[in-house]
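Fold and contact review
So the chains spell out like this:
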Amino acid sequence: MPVDSTPFPPLTLALLAGAGLAAAGLFAFVRHRWTAPARRLEEMLAELSAGRVPRSFILPGPPAFIRIAGQVEKIAARQDRLLEQARREEYSLRAILRSMTEGVLVVDANHVVREVNEAFLRQFALRTNPIGRTVLEAVRIAAVEEAIVETFRSGQAHEREITLSPANPDEPPRHFDVSAMPVRRAGTEDVVAVFHDISRLKQLEDVRREFVANVSHELRTPLSIFRGYVETLIDQPHVPPAELQRILATMLRHSQRLNALVDDLLMLARLESRRIALDAVAVRLEPFLGRIAGDLKMKLADKQLTLVLALPEGLPPLEADPFRLEQVIYNLLDNAIKYSEPDGRITISAEVAGPMMRLHVTDHGKGIPPADLPHIFERFYRVDKARSRDQGGTGLGLSIVKHIVQLHGGEVAAESQLNHGTTITVALPLAEEEKEKEAPQNPTS
Ligand SMILES: Nc1ncnc2c1ncn2[C@@H]1O[C@H](COP(=O)(O)OP(=O)(O)OP(=O)(O)O)[C@@H](O)[C@H]1O
Ligand SMILES: [Mg+2]
């Protein structure tokens, strides 16, 4: 009996082939419907996790994929907003740090510098970037390191003042107010320190202290003289008339000195607060100085001094408040007379320099030592304190001169040679119409 060698009848084979084809078709269908969009979804998520925005959020496939794509697009939009917000915050933070006049230093728990602003680099004259180095390496100031250590140790805000000695001994020390604050960030602790430069404040404090000490000292001298004489008069009511006359004359002299001191102090206070309104007009120097020379005739004659007005022909007028200008010239001549030897000569000369007039008062007196010269415009500064005070000087005269001149928009300078004489130069603006004449002509006009 013939045996059919095929294990399956043709119909079965056909069915099997059909089923195979169907499976392949199904596989292709599933692959097309699920695998391709799944792969696309994977690509999309990879783009997002790398911080990029996918080209599109369209996923061809079953509705579930379309919904997923919608959600992914929302996540991407949210991520984009968060990134933009972070960028804006970072930008604002940088802008704030950059615009601050206070120095800012951020340090991590290992005392490594994480952030600084430009003001900090300037304050400590740092030329290399300190980020990544320890505070001590970067700033090399033990007090700063101590402030950081103390803040980490206590976990509390910490404030201290630090003083830096200058590298150059001619410069004043610098003072900082340091406020350090612990800040928790993502489980770690940083310290943010803010450096406020208070050098100017300290300097003003010193000036004020010195000023009060000077004023008290100046007031004490005449007051103790008054007190001494009044006590003498109480103890001995019958003082001989000649002695009484001498006592009263001394008291009068010191009361005048006291008056002069108070007047000068008030004048300085008004000048410094710029509460003085200038009544500036065009002033012709020749008649103006002629009048002052006339007023001082007696004083000059007492010391056999000659005052020479060496003004060039056709000198243009100044723009000045005549009353204040008189104070300037009186003070300069008063010094020239006071510090000249008898029989000497004092010269006032002038020249035009651009929009300004330069006025020089020159004497051939005792001069000023080079070390004192830079200080003579300071309040109460006197080269020979005892002598100046004996002559009724308060040491405020040149300080008043400087302030008046500056109020006019001018400047003062001094030159001197010990035992040969002194020249004080005052530069003041020319009257408005003269400035135009003196201004260089514009060649194109
Ligand atoms: N022409 C000068 N020659 C020498 N020393 C001068 C001259 N002008 C100023 N000085 C020095 O500068 C110091 C300051 O001068 P300033 O006019 O401010 O004070 P003063 O003359 O002592 O007192 P005041 O002018 O208040 O009466 C003087 O004490 C003096 O030592
Ligand atoms: Mg004087």
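Residues numbered from 1 in each chain as written. Chains lettered and ligands numbered in written order. Predicted model: local features only at pLDDT ≥ 70, side-chain atom pairs only at ≥ 80, totals over all residues. Heavy atoms only, no water.

Thoughts on the overall build of the protein chain
What counts is decided by this rule: Numbering of helices and strands runs from the N terminus, with a helix taken as a DSSP run of H or I at least four residues long and a strand as a DSSP run of E at least two residues long. Each radius of gyration reported is based on C-alpha atoms, and the globular scaling rule is 2.2 Å times the count of residues to the power 0.38. A simple rule labels every residue: compare its accessible area, found with a 1.4 Å probe on the protein chains alone, to the largest value its type can have, and call it buried under 20%, exposed over 50%, or partly exposed in between.
On a plain count of helices and strands, the protein chain comes out with 13 helices and twelve strands. What you see for the protein chain is a C-alpha radius of gyration of 44 Å, clearly larger than the 22 Å of a compact globule of 445 residues, by over 25%. The dimensions of the protein chain, computed from C-alpha atoms along their principal axes, are 180 × 70 × 35 Å. With 445 residues in all, the protein chain has 34% of them scored as buried.

So, the pattern of salt bridges
The following threshold applies: Salt bridge criterion: a side-chain nitrogen from Lys or Arg within 4 Å of a carboxyl oxygen from Asp or Glu.
Applying the stated criterion to the full structure yields 21 salt bridges. Between glutamate 84 and arginine 87 there is a salt bridge whose closest N-O contact spans 3.3 Å. Residue glutamate 84 and its partner arginine 87 are both found in helix α2 (residues 63-99); the two are separated by three residues, about one turn of the helix. What makes glutamate 84 partly exposed here is its relative accessible area of 34%.

Here we look at the packing of helix α8 (residues 285-295) against helix α10 (residues 322-338)
Quick note on the threshold: Lines fitted to C-alpha atoms define the axes here, with helix axes fitted over just the stretch in contact, and angles between the N-to-C directions of these axes take values from 0 to 180 degrees. Between 65 and 115 degrees an angle is taken as roughly perpendicular, under 35 as roughly parallel, over 145 as roughly antiparallel, and anywhere else as oblique. Put simply, a crossing is left-handed when the front helix is turned counterclockwise from the back one by less than a right angle, and right-handed when it is turned clockwise. By definition in these notes, contact holds between two residues if any of their heavy atoms fall within 4.5 Å. Residue polarity follows a fixed list, in which Ala, Val, Leu, Ile, Met, Phe, Trp, Tyr, Cys and Pro are nonpolar, Asp, Glu, Lys and Arg are charged, and the others, Gly among them, are polar.
Two elements in contact, α8 and α10, have axes whose closest approach is 11 Å; the angle formed by their N-to-C orientations is 50°. In terms of axis orientation, α8 runs oblique to α10. In this structure, the crossing between α8 and α10 has a hand that is right-handed. Contacts between α8 and α10 involve Phe288, Leu289, Ile292 and Asp295 on the former and, on the latter, Pro322, Leu325, Glu326, Ile329, Tyr330 and Leu333. Its residues assigned to classes, the contact of α8 with α10 comprises eight nonpolar, no polar and two charged.

Quick look at the side chain of threonine 422
What counts, and what does not: As used in this structure description, the phrase polar contact means that two N or O atoms lie within 3.5 Å; if the pair is within protein, one of them must be able to donate a hydrogen and the other to accept it, and residues adjacent in sequence are counted only when both atoms belong to side chains.
Examined against the element boundaries, threonine 422 turns out to sit in strand β12 (residues 421-429). Among the polar contacts listed, one links the side chain of threonine 422 to the side chain of serine 416, at a separation of 3.0 Å. If we skip the residues at most four places from it in the chain, threonine 422 touches Val361, Thr362, Asp363, Gly367, Ile368, Glu415 and Ser416.

A short note on the packing of aromatic side chains
Threshold: Aromatic pairs are defined between Phe, Tyr and Trp rings, using the six-membered ring for Trp, whenever the two ring centres lie within 6.5 Å; interplanar angles under 30 degrees are classed as stacked, those over 60 as edge-to-face, and all others as tilted.
Here the structure, examined in full by the defined rule, presents five aromatic pairs. With centroids separated by 4.9 Å and ring planes inclined at 45°, the aromatic side chains of phenylalanine 120 and phenylalanine 124 adopt a geometry described as tilted. On the basis of relative accessible area, phenylalanine 120 is assigned to the buried category, the value being 0%. When the ring of phenylalanine 124 is compared with that of phenylalanine 176, the centres are 5.3 Å apart and the planes differ by 25°; the resulting orientation is stacked. Here the residue phenylalanine 124 occupies a position in the loop between α3 (118-123) and α4 (135-139), and phenylalanine 176 occupies one in strand β4 (residues 174-185), the gap between them amounting to 52 residues. With a relative accessible area of 11%, phenylalanine 124 lands in the buried category. Taken together, the aromatic side chains of Phe120, Phe124, Phe176 and Phe195 make up a single cluster linked through ring pairs.

As for the domain arrangement of the protein chain
Stated formally: An automatic or database domain assignment supplies the residue ranges for each domain.
Per the domain assignment, the segments of the protein chain are domain 1 (29-94), domain 2 (100-166 + 173-199), domain 3 (208-270) and domain 4 (281-437). With centres defined by C-alpha atoms, the gap from domain 2 to domain 3 works out at 53 Å.

Some thoughts on the nonpolar core
Operational definition: Within this scheme, the nonpolar core is defined by two criteria: the residues are buried Ala, Val, Leu, Ile, Met, Phe, Trp, Tyr or Cys, and they are joined through side-chain atoms within 4.5 Å.
Leu285, Ile329, Leu333 and Ile346 are the most contacted members of the largest nonpolar core, which has 50 residues in total. Those elements that place two or more of their residues in this core are α7 (241-272), α8, β8 (318-320), α10, β9 (345-353), β10 (356-363), α12 (397-407) and β12. Here this core takes seven residues from α10, the largest share from any one element. Beyond its immediate chain neighbours, meaning those up to four positions away, isoleucine 329 contacts Phe288, Leu289, Ile292, Ile348 and Leu359. Membership of the second largest hydrophobic core comes to 22 residues, among which are Val135, Ile148, Val191 and Phe195.

Quick notes on the environment of glycine 393
Take glycine 393: it is sitting in the loop between α11 (385-390) and α12. The buried category is assigned to glycine 393, whose relative accessible area is 5%. In the structure, glycine 393 is positioned 133 residues away from alanine 260 in sequence and 8.8 Å away in space, judged by C-alpha atoms.

Comments concerning the sheet that holds strand β2 (residues 113-116)
As a reminder of what qualifies: Each pair of strands is called paired provided DSSP finds at least two bridges between the two strands.
An order of β2-β1-β5-β4-β3 is seen for the five strands of this open sheet, with the pairing classed as antiparallel. A single partner strand is all that each edge strand has here, and the edge strands are β2 and β3 (158-164). Averaged over all adjacent pairs, the angle separating strand axes in this sheet is 25°, with direction ignored. Where strand β1 (residues 103-107) lies against strand β5 (residues 188-197), five bridges are found, and the strand directions are antiparallel. Residue pairing for β5: glycine 103 is matched across the bridge by phenylalanine 195. The strands that helix α5 (residues 142-154) touches are β1, β3, β4 and β5; relative to β3, the one it contacts most, it runs at about 170°.

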